[in-house]
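# Analysis of the macromolecular model
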Amino acid sequence: MDGRTLSNRQTGLLIFVIGALAGLTGDACHVASGTTEYLWDGVPTIWRSAIWFPVLVGGAVLGAALAGRRAGLPARTRDRRDAGIGIAAVIAMYSLTAALRFEDMTVSVVLFSALAAAIWFCWDPSPGALAIALGAAILGPVAEILIVQLGASQYTAPSDGLFGVAPWLPCLYFAAGSVASGLWSALQR
Amino acid sequence: MDGRTLSNRQTGLLIFVIGALAGLTGDACHVASGTTEYLWDGVPTIWRSAIWFPVLVGGAVLGAALAGRRAGLPARTRDRRDAGIGIAAVIAMYSLTAALRFEDMTVSVVLFSALAAAIWFCWDPSPGALAIALGAAILGPVAEILIVQLGASQYTAPSDGLFGVAPWLPCLYFAAGSVASGLWSALQR
Amino acid sequence: MDGRTLSNRQTGLLIFVIGALAGLTGDACHVASGTTEYLWDGVPTIWRSAIWFPVLVGGAVLGAALAGRRAGLPARTRDRRDAGIGIAAVIAMYSLTAALRFEDMTVSVVLFSALAAAIWFCWDPSPGALAIALGAAILGPVAEILIVQLGASQYTAPSDGLFGVAPWLPCLYFAAGSVASGLWSALQR
């Protein structure tokens with residue numbers, strides 16, 4: 001888990017690929033379970049996702065990682081092992097949102113809020129990571145609401161109570177944003 | 001997550017408030033999911049709980065924290081970041097009991113026993129913390145059985161198999177008691 | 001959690017007993033929930049398991065621990081507290097496979113893959129532990145497929161899609177193999 005230092009180009013590429021693969025994997029859970037549906041015909045698909053989805057997620061994760069690098073995050077040193085734990089925790093949480101899609105929304109939002117808070121506390125409980133996590137928790141769902149408004153995809157009931165997207169979606173973005181904020185330094189060296 | 005040292009009064013108040021809020025949050029999951037029901041009319045409610053519930057939980061958490069302080073717990077140093085992880089883990093477990101309320105009770109009791117053991121091992125696997133956790137695992141369910149006997153609330157089937165309360169309830173109290181036992185020292189400084 | 005050093009005989013016996021008890025506990029969840037069924041009549045049972053099951057699991061865990069000892073694992077020092085966390089995490093995951101038995105298999109496999117990866121990263125993310133975990137992820141399900149072919153037990157739909165056993169079964173063996181690989185050194189001293 002130590003290995004050599006990566007160049008900036010390699011680090012950025014690795015983070016984009018990790019984000020895209022995590023997005024593909026989690027989205028496969030959402031589509032397979034019927035939590036979400038793609039509505040546009042004729043768009044090429046990878047696994048279960050429209051091709052634009054992993055590109056957007058990879059880009060968003062890279063953007064959060066670059067913002068975190070600029071802000072000097074993580075405030076506590078995180079290494080590749082920590083990154084592995086953090087990425088696995090976010091993917092586990094992503095798939096658990098699919099598993100619990102019919103759950104009462106109070107229960108889901110409390111559960112995923114607590115898990116998101118635990119991930120932030122474990123990873124880097126600093127104001128900087130909090131700012132990026134909160135930014136992700138706002139911008140991610142807003143972007144998905146716009147995608148739903150465009151008619152490209154939809155969340156199915158009962159997971160559509162937040163302007164057409166799932167009420168627990170900000171929690172998932174918060175967790176992903178927390179980990180992404182420190183990924184550059186954790187993976188580069 | 002460092003910040004300044006708290007006075008004894010501030011620490012006690014903070015622990016009471018954390019306990020009351022955690023109780024309110026978890027209880028909202030139990031009530032929203034139909035795991036539990038309040039039966040007395042005319043009692044003021046906060047969120048989903050009768051007003052006496054968060055007061056009892058806050059007091060119990062403070063009591064466990066004071067007992068832990070007297071016993072010199074935690075045996076290993078725990079800081080505010082650790083406290084955040086521990087509190088989030090207990091709330092996540094609390095909401096998960098609501099999410100899995102229809103699960104076979106063997107499965108639930110094994111799952112929540114394992115999670116409670118993991119929380120104790122992570123937080124402070126000392127004999128002192130074990131004693132307080134076991135005390136909570138006995139006293140908490142006994143208190144809830146009395147409340148059910150009084151007719152103030154009830155657990156619904158199939159989560160009522162332990163003298164009217166849920167068979168996994170001791171696991172939840174064990175986890176909460178573990179963390180509470182070291183909360184004073186973790187939060188004060 | 002410190003205590004005295006164990007002899008080789010004591011360590012081996014302890015690991016066998018831990019494996020057998022973890023197997024009994026997890027299997028009780030699978031049988032109680034109907035995830036698996038025993039088909040041979042007249043075999044003595046312990047709790048919910050045919051008597052040969054905990055013996056096989058205890059032996060397999062001991063075998064993995066001995067292989068890990070020979071390979072000098074774990075690569076990072078793990079103590080008895082770590083062992084407690086790891087064992088509890090594997091049992092929690094085992095019972096969660098029972099709780100989510102009707103879940104879409106894409107969701108289950110992603111969830112349990114992520115949890116297995118997180119356990120490996122937390123416990124000992126070394127090539128040696130990976131080799132033993134992967135060996136367990138292959139040999140364990142193959143052994144269970146043979147047992148199903150013999151007619152001794154079966155997995156019920158929809159948890160029977162991998163040659164008669166559950167598609168998430170390799171994830172569970174991977175997690176168990178990860179932790180078992182470092183158990184000798186963690187428990188002996």
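Scope of this entry: the structure provided in the associated data block. This one's a predicted model, so the numbers in the text were calculated from it and none came from an experiment. (Residues numbered from 1 in each chain as written. Chains lettered and ligands numbered in written order. Predicted model: local features only at pLDDT ≥ 70, side-chain atom pairs only at ≥ 80, totals over all residues. Heavy atoms only, no water.)

To continue, consider the packing of helix H3 (residues 80-99) of chain A against helix H4 (residues 105-123) of chain C. Packing of H3 of chain A against H4 of chain C leaves a shortest axis separation of 8 Å and a crossing angle of 155°. For the element pair H3 of chain A / H4 of chain C, the angle class is roughly antiparallel. Between H3 of chain A and H4 of chain C the crossing geometry is left-handed. From H3 of chain A, Arg81, Gly84, Ile85, Ala88, Ile91, Ala92, Ser95, Leu96, Ala98 and Ala99 of chain A reach across to H4 of chain C, where they touch Val107, Val110, Leu111, Ala114, Leu115, Ala117, Ala118, Phe121 and Cys122 of chain C. In terms of residue class, the contact of H3 of chain A with H4 of chain C is made up of 16 nonpolar, two polar and one charged. (Axes fitted to C-alpha atoms, helices over the stretch in contact; angles between N-to-C directions. Helix = DSSP H or I, 4+ residues; strand = E, 2+ residues; numbered from the N terminus. Parallel < 35°, antiparallel > 145°, perpendicular 65-115°, else oblique. Left-handed = near helix turned anticlockwise from the far one by under 90°. Contact = heavy atoms within 4.5 Å. Nonpolar A, V, L, I, M, F, W, Y, C, P; charged D, E, K, R; others polar.)

Bringing the relation of the copies chain C and chain A into the picture now. By a simple turn and slide, chain C fits onto chain A: the slide is 0.0 Å along the axis, the RMSD is 0.0 Å, and the turn is 120°. What the rotation and shift describe, once combined, is the action of a three-fold rotation axis. Judged by C-alpha distance, leucine 100 of chain C is the residue of chain C that lies nearest the rotation axis, at 5.5 Å. (Least-squares fit on C-alpha atoms with pLDDT ≥ 70 in both.)

At the junction of the two partners, chain B supplies 19 residues and chain A supplies 16 residues. Of the roughly 1,400 Å² buried at the junction of chain B and chain A (both faces included), carbon and sulfur atoms supply 76%. Along the contact surface separating chain B from chain A lie one salt bridge. Note that glutamate 103 of chain A and arginine 101 of chain B form a salt bridge whose closest N and O atoms lie 3.1 Å from each other. Along the contact surface separating chain B from chain A lie three residue pairs in polar contact (both at pLDDT 80 or more). (Buried area = accessible area lost by both parts, 1.4 Å probe. Salt bridge = Lys/Arg side-chain N within 4 Å of Asp/Glu carboxyl O. Polar contact = N/O pair within 3.5 Å; in protein donor to acceptor, adjacent residues only side chain to side chain.)

Let us look at the packing of aromatic side chains. Aromatic rings considered in pairs are described by the distance between their centres and by the relative angle of their planes. Across all of its chains, the model carries 15 aromatic pairs over all chains by this definition. Seen in terms of ring centroids, tyrosine 38 of chain C and tryptophan 52 of chain C are 5.7 Å apart; in terms of plane orientation they differ by 80°. Their pairing is edge-to-face. With tyrosine 38 of chain C in strand S1 (residues 36-38) and tryptophan 52 of chain C in helix H2 (residues 52-70), this pair connects stretches of sequence that are 14 residues apart. Taking relative accessible area as the criterion, tryptophan 52 of chain C reaches 22% and is therefore assigned partly exposed. An aromatic cluster is defined as three or more aromatic residues linked by ring pairs; in this entry it consists of Tyr38, Trp52 and Phe53 of chain A. In this structure, arginine 78 of chain B is placed above the aromatic ring of tryptophan 123 of chain B, and the distance from its NZ or CZ to the ring centre is 5.9 Å. (Phe/Tyr/Trp six-rings, centres within 6.5 Å; stacked < 30°, edge-to-face > 60°. Buried < 20%, exposed > 50% of the residue type's maximum accessible area, 1.4 Å probe, protein only. Lys NZ or Arg CZ within 6 Å of the ring centre and 35° of its normal.)

So, on to the side chain of aspartate 124 of chain C. As for its position among the elements, aspartate 124 of chain C is in the loop between H4 and helix H5 (127-150). Setting aside residues up to four positions removed in sequence, aspartate 124 of chain C forms contacts with Leu73, Pro74, Ala75, Arg76 and Ala129 of chain C.

Once that is clear, we can look at a nonpolar patch on the surface. Residue and element names in this part refer to chain A. On the surface, a cluster of nonpolar side chains totalling about 410 Å² of accessible area is made up of Ile138, Leu139, Val142 and Leu146. With respect to the element layout, leucine 146 can be found in helix H5 (residues 127-150). With relative accessibility at 52%, the residue leucine 146 sits in the exposed group. (Patch = residues over 30% accessible without salt bridge, like charges linked within 9 Å, V, L, I, M, F, W, Y side chains within 5 Å. Areas by Shrake-Rupley, 256 points an atom, 1.4 Å probe, with all protein chains shown as cover.)

Glancing now at unusual backbone geometry. At the junction of leucine 73 of chain A and proline 74 of chain A, the peptide bond is cis and its omega measures out at -5° in the coordinates. If you trace the backbone, proline 74 of chain A turns up in the loop between helix H2 (52-70) and H3. A positive phi is found at tryptophan 47 of chain B, a non-glycine position, where the angle reads about 55°.

On to the environment of proline 158 of chain B. Residue and element names in this part refer to chain B. Tracing the chain through its elements places proline 158 in the loop between strand S4 (153-155) and helix H6 (169-181). C-alpha of proline 158 to C-alpha of phenylalanine 102: the two residues are 56 residues apart in sequence and 6.4 Å apart in space. For proline 158, the contacting residues outside a window of four places in its chain are Arg101, Phe102 and Met105.

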